[in-house]
Amino acid sequence: MTLSLFDQFLSPALMGVPLAAAALALPWALFPRPTLRWVNNRLLTLQNWFFGQFAQQIFLPINIAGHKWAVLLTSLMLFLITLNTAGLLPYTFTPTTQLSMNMGFAVPLWLATVILGMRTQPTHSLGHLLPEGTPTLLIPVLIIIETISLFIRPLALGVRLTANLTAGHLLIQLVSTATSVLLMTMPVLAVLTATLLFLLTLLEVAVAMIQAYVFVLLLSLYLQENV
Amino acid sequence: MPHTGGPQDYRQTQTGQTAPHSLQCRPANWDKTHHLDREQCCVSTLSVILVALQKGTERPKQGARRTGSLKSSGPIGAGLVQASRSLQTSSQSLAPVPPLPEHGGKVRHGLIPEELFQLLYPKTGVTGPYMLGTGLLVYLLSKEIYILNHETIAAISIGSVIVYGVKNFGPSVAAFADKLNEDKVAKAQEVKDVAMSSLTQAIEDEKKEQWRAEGRAMLFDAKRNNVAMLLETNYRERLHMVTNEVKRRLDYQIALQHLNRRMQQEHMINWVEKNVISSITPQQEKESIAKCIADLKVLAKTTQAKAA
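What you see is a predicted model; the values in this text were computed from it and never measured.

*Asks:* Tell me what's going on with the overall build of chain A, and back it up with residues and numbers.
*Replies:* Along chain A, the regular secondary structure elements total seven helices and two strands. Starting at the N terminus and walking to the C terminus, you meet the elements of chain A as β-β-α-α-α-α-α-α-α. Classification of the 227 residues of chain A by burial places 36% in the buried group. Contacts in chain A between residues far apart in sequence, at least 24 positions, make up 72% of those at least 6 positions apart.

So this is what it looks like as structure tokens:
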């Protein structure tokens, strides 16, 4: 079937049944549950090692009260990284290209950190609105600016993920379209674009993993401020 | 009357029929048909309820009590029992698990599992899977079931990245995972080895201590001898000292006696000499001097004669 450039971003539906649920449930099917064995197979060993490393890395600077978020953030990280990397395969739908879903992740989690901070230590949380060592005249302006930056955080989180992935996918589609068109007319140039595509694919793999990591890292930073 | 399930299945009436009845104590003609009075009815109903509750909450044994239990009664009986069983706490989860395979799954060309090739080998030989792949691809393309578009190029690109990754980093990642497991096992093994070596060391130390305990008797004998010798030496020293002291005192007495005697003698001699000297008259003195001179002359003459 002929594809336009928008088809990869449409929320898939088969005969009226939305398939986005299947796309979202894919990461759950890919990772095995920890077994009762002491020594596991390679996949489970690597998975456990990765979770341990990641959780240690993210939660080292956060105090003990924030460690309650460990399961949430680790599972979020795994979810995002799987969705992103699985979306690089052809003919797949990447849920994280949808702004609605990313905002659905970003806003509640960000709001949770803010509310947590405001409830448990309001003075400390409000103190973050004014960086240390500002000149006295700038204080009102700076508070307004910091408040704006606070409220822009969820928007930034969601849009960052969406934009990165959408842009990456779109670029891959465009360059591969160019390659397929040039293959008929100017094959040598097609080789060039194919090389570009290869490098772009490598970049996209990296970006997919990095963006997921950055999302969770920023959330952990917001948590660190507020807990 | 709908089949309500529950305790009625194993509740038999007095007449031996499993007639369905509600949990109400007294339908209209029950006394006549079942010959029970009120107390018996209530007790039997309560016992039925209690048994039903007990059966609902107990952990079902493996395959036992299939007949007449809550599990097999009614459309949701099994689900109720399974829902009340909490995860991983029954003895089923303590059963030994089957062992893991020695090696991980093999893939050919980075993506296709080796099992496909093994599956097709008896019938189609070595080139079977490749022919299958080529034929399938050609079929899909020619029938336009799969259309070549830009996604194909993207698929080739990402496919090559994946195959490259699997082929180049696959063995090292597998070795890393194996090393993680081996380290885990090695740590436990080390604990066991350390415990064993410390226990064998303790056994040897104990044996050495026992040997030492045997030698202790010799040590005590030597010490006893030592002490006895010291005592003896001390005793003899003191004896010696006593002897010396006694001798000294006796010597003193002897010296005193000697001194006394000598002084007496000297005194006597002096007195005698004094008396003698005082008794010598001058007459006698002259006679004696003259005699001495005459003797000397005679002597001189004889000496000269001898010399000549």
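*Asks:* Pulling in residues and values, what's your account of the interface of chain A and chain B?
*Replies:* Size of an interface, as often reported, equals the accessible area lost when the parts are brought together. Taken together, the contact between chain A and chain B spans 29 residues of the former and 31 residues of the latter. For the pair chain A and chain B, the summed buried surface comes to about 2800 Å²; carbon and sulfur atoms form 68% of the total. Salt-bridge contacts for Arg 42 of chain A lead to Asp 178 of chain B; the nearest nitrogen and oxygen are separated by 3.0 Å. Summed over the shared surface of chain A and chain B, the result is eleven residue pairs in polar contact (both at pLDDT 80 or more).

*Asks:* Account for the nonpolar core, with residues named and values stated.
*Replies:* Grouped together as the largest cluster of nonpolar side chains are 32 residues, with contacts concentrated most on Phe 59, Leu 73, Leu 76, Leu 80, Leu 157, Phe 215 and Leu 219 of chain A. For this core, the secondary-structure elements that each account for two or more residues are α2 (42-59), α3 (70-86), α4 (99-120), α6 (139-185) and α7 (187-226) of chain A. A total of eight residues in this core trace back to one element, the largest contributor, which is α3 of chain A. Setting aside chain neighbours within four positions, we find Leu 73 of chain A in contact with Phe 54, Phe 59, Val 216, Leu 219 and Ser 220 of chain A. Ranked by size, the runner-up nonpolar core spans nine residues in total, among them Ala 208 of chain A together with Ile 153, Ala 154 and Ile 158 of chain B.

*Asks:* I'd like a description of the environment of Ala 20 of chain A, backed by residues and values.
*Replies:* Residue and element names in this part refer to chain A. Counting through the fold element by element, Ala 20 comes out in helix α1 (residues 20-30). Sequence spacing of Ala 20 and Thr 94 is 74 residues, and the spatial spacing of their C-alpha atoms is 9.1 Å. Those residues in contact with Ala 20 that lie beyond four places of it in its chain are Ser 11 and Pro 12.

*Asks:* Quick one: what's the story with the pattern of salt bridges, residue by residue and with numbers?
*Replies:* Residues and elements named next belong to chain B. Tallied over the entire structure, the rule returns ten salt bridges over all chains. Note that Asp 183 and Lys 179 form a salt bridge whose closest N and O atoms lie 3.3 Å from each other. Within this pair, Asp 183 and its partner Lys 179 are both found in helix α6 (residues 150-279), separated by four residues, close to a single helical turn. For Asp 183, a relative accessible area of 36% puts it in the partly exposed group. With a shortest N-O distance of 3.6 Å, Glu 245 and Arg 248 are connected by a salt bridge. Placement of the pair is Glu 245 and Arg 248 together in helix α6, with a separation of three residues, close to one helical turn. On the basis of relative accessibility, which here comes to 30%, the residue Glu 245 falls in the partly exposed class.

*Asks:* Lay out helix α7 (residues 282-307) of chain B in plain terms, naming residues and giving numbers.
*Replies:* Under the 1.5 Å per step criterion, the end-to-end length of α7 of chain B is 37 Å for 26 residues, consistent within 8% with the ideal 38 Å. The element α7 of chain B is barely covered by neighbouring structure, given that only zero of its 26 residues are classed as buried.

*Asks:* Describe in detail α1 of chain A, supporting the description with residues and values.
*Replies:* Residues and elements named next belong to chain A. Considered for burial, the residues of α1 that qualify are Ala 20, Ala 23 and Pro 27. One face of α1 carries all of its buried residues, which in axial projection span an arc of 70°. Set apart from the buried face of α1 by more than 90 degrees, the exposed residues are Ala 21, Ala 22, Trp 28 and Ala 29.

*Asks:* Describe the packing of α2 of chain A against α3 of chain A, and please don't skip the residues or the numbers.
*Replies:* Residue and element names in this part refer to chain A. Relative orientation of the contacting elements α2 and α3 amounts to 120°, with a least axis distance of 10 Å. Taken together, α2 and α3 sit at an angle that is classed as oblique. Considering how the two elements wind past one another, α2 and α3 form a crossing that is right-handed. Facing Phe 50, Phe 51, Phe 54, Ala 55 and Phe 59 of α2, the residues of α3 in contact are Ala 70, Leu 73, Thr 74, Met 77 and Leu 78. Class assignment for the residues of the contact of α2 with α3 results in nine nonpolar, one polar and no charged.

*Asks:* Break down the packing of aromatic side chains for me, citing the residues and quoting the values.
*Replies:* What characterises a pair of aromatic rings is the spacing of the ring centres plus the angle enclosed by the ring planes. In the structure shown here, the tally under the stated rule is nine aromatic pairs over all chains. Aromatic pair Trp 49 of chain A and Phe 176 of chain B: ring centres 4.8 Å apart, planes at 75°, arrangement edge-to-face. One end of the pair, Trp 49 of chain A, is in helix α2; the other, Phe 176 of chain B, is in helix α6, on a second chain. When the centroid spacing of 6.2 Å and the interplanar angle of 50° are considered together, the rings of Phe 50 of chain A and Phe 51 of chain A count as tilted. These aromatic residues form a ring-pair network of at least three members: Phe 50, Phe 51, Phe 54 and Tyr 213 of chain A. Over the ring of Phe 117 of chain B we find Arg 108 of chain B, and its NZ or CZ is 3.9 Å from the ring centre.

Cut-offs and rules
- Residues numbered from 1 in each chain as written.
- Chains lettered and ligands numbered in written order.
- Predicted model: local features only at pLDDT ≥ 70, side-chain atom pairs only at ≥ 80, totals over all residues.
- Heavy atoms only, no water.
- Helix = DSSP H or I, 4+ residues; strand = E, 2+ residues; numbered from the N terminus.
- Buried < 20%, exposed > 50% of the residue type's maximum accessible area, 1.4 Å probe, protein only.
- Contact = heavy atoms within 4.5 Å.
- Buried area = accessible area lost by both parts, 1.4 Å probe.
- Salt bridge = Lys/Arg side-chain N within 4 Å of Asp/Glu carboxyl O.
- Polar contact = N/O pair within 3.5 Å; in protein donor to acceptor, adjacent residues only side chain to side chain.
- Core = buried A, V, L, I, M, F, W, Y, C linked by side-chain atoms within 4.5 Å.
- Expected span 1.5 Å × (residues − 1).
- Arc of directions from axis to C-beta.
- Axes fitted to C-alpha atoms, helices over the stretch in contact; angles between N-to-C directions.
- Parallel < 35°, antiparallel > 145°, perpendicular 65-115°, else oblique.
- Left-handed = near helix turned anticlockwise from the far one by under 90°.
- Nonpolar A, V, L, I, M, F, W, Y, C, P; charged D, E, K, R; others polar.
- Phe/Tyr/Trp six-rings, centres within 6.5 Å; stacked < 30°, edge-to-face > 60°.
- Lys NZ or Arg CZ within 6 Å of the ring centre and 35° of its normal.

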